[in-house]
Amino acid sequence: SVTASSNGSSRPMNKQTPARLDISVIDRQRRAKISPVKVRGLVRKVLMREGIRAGAVSVLFVGDRRMRDLNRTFRGADRATDVLAFSFREGEQGGGETNLLGDVVISVPTAEKQAAREGHALEAELTILLIHGVLHLAGYDHERSSGEARRMRRQETEVLSQIERRPLRGSR
């Protein structure tokens, strides 16, 4: 868990302006080494850019089998997909002091295939998928309408152009 100020520095906040982002990274795949530190940093950057300074997010990296199970259970699609976002902001916020934002699940094998098809590195694809998933948690939904899809795409492009593109793979 991280305590961050509005400018992104890590320091304790006073009680009047809580700005706590709790970001969990769970790696349940073996194809690529994921750096939890880099994942947390990217999630934090996207949320802070969207004005979200407090909340709990989990990011899960899985294989295609697990992703297919999740996609079938929650979306009725019996196939693996690249990224799923489960926003808790759409329903109840949860109790206590923690604002549960939601979970992002990324299939690394599917990301690998997409990276090869698009002609870029796996790290770039994982970055794109993570930004996409976190924007869903921030309230964007490309499936709502074509206008919302354009709005979300514009945000993805802006975030990609503004962030430091550090690979999500690497030392744990």
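Just so you know, these numbers come straight off a predicted model, no measurement behind them.

Parameters and conventions
Residues numbered from 1 in each chain as written. Predicted model: local features only at pLDDT ≥ 70, side-chain atom pairs only at ≥ 80, totals over all residues. Heavy atoms only, no water. Axes fitted to C-alpha atoms, helices over the stretch in contact; angles between N-to-C directions. Helix = DSSP H or I, 4+ residues; strand = E, 2+ residues; numbered from the N terminus. Parallel < 35°, antiparallel > 145°, perpendicular 65-115°, else oblique. Left-handed = near helix turned anticlockwise from the far one by under 90°. Contact = heavy atoms within 4.5 Å. 1 Å grid on protein atoms, 1.4 Å probe; cavity = no way out; pocket = protein on both sides within 12 Å on 5 of 7 lines; lining within 4 Å. Points joined across faces, edges and corners; volume = space filled by probe spheres on them. Nonpolar A, V, L, I, M, F, W, Y, C, P; charged D, E, K, R; others polar. pLDDT = per-residue confidence, 0-100.

Considerations on the packing of helix α1 (residues 36-49) against helix α4 (residues 122-137)
- At a minimum axis distance of 10 Å, the contact between α1 and α4 shows a crossing angle of 45 degrees. One way to sum up the angle between α1 and α4 is to call them oblique. Seen along the crossing, α1 lies across α4 with a hand that is right-handed. Here V39, L42, V43, V46 and L47 of α1 lie close against α4, whose contacting residues are T127, L130, I131, V134 and L135.

A look at the layout of surface pockets
- The computed volume of the largest pocket comes to approximately 570 Å³.
- Surrounding the largest pocket, 23 residues form its lining, V83, H132, H136, H142 and E143 being those nearest its centre.
- Of all the secondary structure elements, the ones that give two or more residues to the lining of the largest pocket are α2 (64-75), β4 (83-87), α4 and α5 (146-162).
- Its residues assigned to classes, the lining of the largest pocket comprises 10 nonpolar, five polar and eight charged.

Observations regarding the confidence of the model for the protein
- Looking at the protein, pLDDT values average 82 and 78% of them are 70 or higher.
- Between the elements of the protein, mean pLDDT differs from a low of 28, seen in strand β1 (residues 2-3), to a high of 97, seen in strand β3 (residues 55-62).
- This stretch, residues 1-18, has a pLDDT under 50; its non-local contacts, to residues over four places away or in other chains, come to 27 contacts.
- Low confidence marks residues 91-97, where pLDDT is under 50. Its contacts with residues over four positions away, or in another chain, come to five contacts.

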